[in-house]
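Below, each chain spelled out in residue letters.
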Amino acid sequence: MTARDILRKIPGLTPAVRWTRSKLAPLAEANRAAGRVVINHGVGGTTPAFPLKPGVDTEQLAADIATRTWFHSFDFGNGIVAHGNDPSHDKTKFLGIPERLDGMSVLDIGTFDGHYAFEAARRGAADVLATDKFVWEWPGMTSRSNFEFVRDRLDLTVRDQVISVEDISPDTVGMFDVVFFFGVLYHSPDPLGYMKRVRSVTKKFALIETVVDMLNVDRPAMAYYPGAYLNNDASNFFGPNLPALEGLCKDAGFSRMEDLGLWRLHELELTRGEALPTGAPTSGRVVVKAWV
Ligand SMILES: C[S@@+](CC[C@H](N)C(=O)[O-])C[C@H]1O[C@@H](n2cnc3c(N)ncnc32)[C@H](O)[C@@H]1O
């Protein structure tokens with residue numbers, strides 16, 4: 001007997017489920033019809049292991065990895081993996097990074113341990129600059145040294161620069177065909193100012209991954225996270241909805257924004273079970289592509 005058969009025997013449960021579905025289905029349908037939420041199903045699968053430099057001692061590598069705390073995850077092959085909280089090799093498929101970047105220049109703003117900068121180099125980018133400030137200078141954080149540790153062992157070339165978003169400009173970093181702005185926008189007390197910085201150094205397009213909120217509001221709107229409201233983290237400030245994000249892109253000087261879709265619901269929403277019954281999430285994380 002299956003679990004479903006057992007549930008069917010509970011008096012009143014089947015009609016109750018049918019009734020609930022009948023009430024919620026039109027809401028979900030209206031939401032889809034309004035085109036409010038695009039779902040990002042990702043392209044490709046988990047990205048492969050990174051190529052090690054010839055001569056790297058893999059036993060020593062595994063031992064050294066274990067002594068560090070990681071945010072990004074790095075698969076170095078042969079079962080040697082740095083496990084961070086960020087599911088980097090899986091997440092890459094949602095980020096809209098072109099399959100090949102041959103000959104292109106790429107800037108990764110807020111690179112942390114550098115996973116996506118190394119991924120750009122692996123995809124053939126001719127010049128990759130990884131920048132960060134916050135976590136690279138935070139006392140006790142190992143992210144800068146993790147970045148250097150990885151770079152010393154990979155057969156990939158990535159430059160680095162310690163610089164805050166507030167100081168990014170063509171004069172300080174140069175101009176890049178492609179700019180990665182993953183996981184940084186919602187950390188800004190001045191989202192439009194940050195987007196203008198991003199636009200100022202972009203030659204072709206920027207890929208922006210961010211928390212979004214108020215997805216059930218049709219007008220451009222941003223949720224404000226005072227203090228440590230979001231994720232108990234005082235470095236989070238604003239979660240825009242899609243019309244607001246598009247407005248930010250355009251007011252920053254991008255010509256158009258392509259919504260690559262929601263790739264993750266907000267953890268808290270999931271925990272509270274808020275978004276799920278109607279199929280209409282109110283917050284989560286999206287990736288958008290902003291064209292010059
Ligand atoms: C959530 S992490 C995202 C890391 C990585 N880009 C990713 O998507 O996995 C936010 C990153 O932005 C950086 N960051 C936040 N505010 C910054 C600022 N004002 N200037 C420079 N970096 C900043 C942090 O140091 C951190 O590396």
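This text goes with the structure placed above it.
Below is a summary of the structure that appears in this document. (Residues numbered from 1 in each chain as written. Predicted model: local features only at pLDDT ≥ 70, side-chain atom pairs only at ≥ 80, totals over all residues. Heavy atoms only, no water.)

The helix and strand tally for the protein stands at 10 helices and 11 strands. For the protein, the proportion of contacts with a sequence separation of at least 24, taken over those separated by at least 6, is 69%. Counting only carbon and sulfur atoms, one obtains 54% of the accessible surface of the protein, whose full area is about 14,400 Å². (Helix = DSSP H or I, 4+ residues; strand = E, 2+ residues; numbered from the N terminus. Contact = heavy atoms within 4.5 Å. Areas by Shrake-Rupley, 256 points an atom, 1.4 Å probe, with all protein chains shown as cover.)

Structurally, Ile65 can be placed in helix H3 (residues 58–66). Along the chain, Ile65 and Ala82 lie 17 residues apart, while their C-alpha atoms are 6.0 Å from each other. Setting aside residues no more than four positions away along its own chain, Ile65 makes contact with Trp70, Phe76, Ile80, Val81, Ala82 and Phe149.

Let us now look at the site of the ligand. In the vicinity of the ligand, 21 residues are found, and the nearest of them are His72, Gly110, Asp132, Phe182 and Tyr194. Contact between the ligand and Asp132: an oxygen atom at 2.5 Å from a side-chain N or O atom of the residue. Isolated, the ligand exposes 600 Å² of accessible area, and the fraction of that covered by the protein chains is 93%. When atom positions are compared with the pocket grids, the ligand is found to occupy the largest pocket. In terms of residue class, the shell around the ligand is made up of 11 nonpolar, five polar and five charged. (Near = heavy atom within 4 Å. Polar contact = N/O pair within 3.5 Å; in protein donor to acceptor, adjacent residues only side chain to side chain. 1 Å grid on protein atoms, 1.4 Å probe; cavity = no way out; pocket = protein on both sides within 12 Å on 5 of 7 lines; lining within 4 Å. Sits in = over half its atoms within 2 Å of the grid points. Nonpolar A, V, L, I, M, F, W, Y, C, P; charged D, E, K, R; others polar.)

Turning to the nonpolar core, a few remarks are in order. Among the nonpolar cores identified, the biggest contains 38 residues, and Phe76, Phe118 and Phe180 are the most heavily contacted of them. Breaking this core down by element, the ones donating at least two residues are H3, helix H5 (115–122), strand S4 (127–132), helix H6 (134–137), helix H7 (143–153), strand S6 (176–182) and strand S7 (202–212). Sorting elements by how many residues they give to this core places H5 first, with five residues. Filtering out sequence-adjacent residues up to four positions away, Phe76 remains in contact with Ala49, Phe50, Leu52, Leu61, Ile65, Ala82, Val150 and Leu154. Residues Ile163, Leu185, Leu248 and Leu265 belong to the second largest nonpolar core, which totals 32 residues. (Core = buried A, V, L, I, M, F, W, Y, C linked by side-chain atoms within 4.5 Å. Buried < 20%, exposed > 50% of the residue type's maximum accessible area, 1.4 Å probe, protein only.)

On to the sheet that holds S7. If you walk across this open sheet you meet the seven strands as S5-S4-S3-S6-S7-S11-S10, and the pairing is mixed. Of all strands in the sheet, those with a lone pairing partner are strand S5 (159–162) and strand S10 (256–265), marking the two edges. Taking the axes of each pair of neighbouring strands and ignoring which way they run, one obtains an average angle of 15° across the sheet. Contacting S4 and S5, H7 crosses the sheet at an angle of about 170° to S5. Its contacts with the sheet place helix H9 (residues 242–251) against S7, S10 and strand S11 (284–291), and it is angled at close to 140° to S10. (Pairing = 2+ DSSP bridges. Axes fitted to C-alpha atoms, helices over the stretch in contact; angles between N-to-C directions.)

Below, the discussion takes up the environment of Ser88. In this structure, Ser88 sits in helix H4 (residues 88–91). Between the C-alpha atom of Ser88 and that of Phe74, which follows or precedes it by 14 residues, the distance is 7.4 Å. Apart from the residues within four sequence positions on either side, Ser88 is in contact with His72, Ser73, His115 and Tyr116.

A few words on the packing of helix H8 (residues 191–200) against H9. It is the contact of H8 with H9, at a shortest axis distance of 8 Å, that shows an interaxial angle of 50°. Here H8 lies oblique to H9, going by the angle between them. H8 and H9 meet at a crossing whose hand is right-handed. Contact with H8, carried on its side by Pro191, Leu192, Met195 and Lys196, involves Leu248, Cys249 and Asp251 of H9 and no other residues of that element. Considering only residue class, the contact of H8 with H9 consists of five nonpolar, no polar and two charged. (Parallel < 35°, antiparallel > 145°, perpendicular 65-115°, else oblique. Left-handed = near helix turned anticlockwise from the far one by under 90°.)

Here we take up the pairing of S6. The element S6 is extensively covered by neighbouring structure, given that seven of its seven residues are classed as buried. With three bridges connecting them, strand S3 (residues 105–109) and S6 associate as parallel partners. If you follow Leu107 over to S6, its bridge partner there is Val179. Looking at chain direction, S6 and S7 are connected through six bridges and run parallel. Bridged to Phe176 within S7 is Thr202. Taken together, S6, H8 and S7 form a β-α-β motif whose crossover is right-handed. (Right-handed = clockwise from strand over helix to strand, strands pointing away.)

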